[in-house]
Amino acid sequence: MQILLKKFCPDVISFMEKKKINHEIFTASWFITLFSKNFKYDSILLILWNFSIIFGWKFIYLFSISVIIIFKEKYIKLDLYDFTQYMKNIFVFENFK
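Please read all numbers here as calculations on a predicted model, not as lab measurements.

**Focus on the side chain of Ser64**
With respect to the helices and strands, Ser64 occurs in helix 5 (residues 57-70). Residue classification places Ser64 among the buried positions, given a relative accessible area of 0%. There is a polar contact of 2.9 Å between the side chain of Ser64 and the backbone oxygen of Ile60.

Below, the structure written as C-alpha cells:
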C-alpha cells in the first residue's frame, strides 16, 4: 500500500509523513474486514466482495487508493486526530448509496 500511495498519491503520502501518520492506522481495518464493518448497505458490500473475488487483492488496493484520492480535499485539512478518525470511518461519513 505504501508503494501505491507514493506512486498515485504523493501529496497525500507527504501530508501523512509530515503529520507522522502511518497508512496502516486506517487501511489495516479496511483490509482485515474487506470493508464489511464499514458499509451499512449490503448491496455495495456484495459488489465489493464480488469484485475482490474476481480480481483479487489488486482490486482491494485500487479501491482503497481510489477512496483516498476521491476524498483527499476533505481530509487533507484535518489535524492528526480528526484525520485518523475520518479515515477509519470514511465509509460511514460519506454517502455511498
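Now that the structure has been shown, the text picks up again.
**Section: the nonpolar core**
By size, the foremost hydrophobic cluster in this structure holds 26 residues, and its most contacted members are Trp30, Ile68, Tyr75, Phe83, Met87 and Ile90. Elements that contribute at least two residues to this core include exactly helix 2 (10-18), helix 3 (24-33), helix 4 (42-55), helix 5, helix 7 (80-88) and helix 8 (90-93). With 6 residues, the top contributor of residues to this core is helix 5.

**Side note on the packing of aromatic side chains**
Evaluated as defined, the whole model comprises 10 aromatic pairs. Ring centres 5.9 Å apart and planes at 85° place the aromatic pair Phe26 and Phe83 in the edge-to-face group. Of this pair, Phe26 sits in helix 3 while Phe83 sits in helix 7, and the two are 57 residues apart along the sequence. Given the relative accessible area of 1%, Phe26 is considered buried. Taking 6.4 Å as the distance between ring centres and 45° as the angle between the ring planes, the aromatic pair formed by Tyr75 and Tyr86 counts as tilted. Of this pair, Tyr75 sits in helix 6 (residues 72-75) while Tyr86 sits in helix 7, placing them 11 residues apart in sequence. A relative accessible area of 10% means that Tyr86 is categorised as buried. A network of ring pairs unites the aromatic residues Phe15, Phe26, Tyr75, Phe83 and Tyr86 as a single cluster.

**What to know about helix 5**
End to end, helix 5 covers 20 Å across 14 residues, agreeing with the expected 20 Å (1.5 Å per residue, within 8%). Along helix 5, the residues classified as buried are Phe59, Ile60, Phe63, Ser64, Ile65, Val67 and Ile68.

**Quick word on the confidence of the model for the chain**
A residue-level look at the chain finds 84% of positions with pLDDT of 70 or above and a mean pLDDT of 81. Of all secondary-structure elements in the chain, the lowest mean pLDDT belongs to helix 8, at 68, while helix 1 (residues 2-8) reaches the highest, 91.

What counts, and at which threshold
Residues numbered from 1 in each chain as written. Predicted model: local features only at pLDDT ≥ 70, side-chain atom pairs only at ≥ 80, totals over all residues. Heavy atoms only, no water. Helix = DSSP H or I, 4+ residues; strand = E, 2+ residues; numbered from the N terminus. Buried < 20%, exposed > 50% of the residue type's maximum accessible area, 1.4 Å probe, protein only. Polar contact = N/O pair within 3.5 Å; in protein donor to acceptor, adjacent residues only side chain to side chain. Core = buried A, V, L, I, M, F, W, Y, C linked by side-chain atoms within 4.5 Å. Phe/Tyr/Trp six-rings, centres within 6.5 Å; stacked < 30°, edge-to-face > 60°. Expected span 1.5 Å × (residues − 1). pLDDT = per-residue confidence, 0-100.

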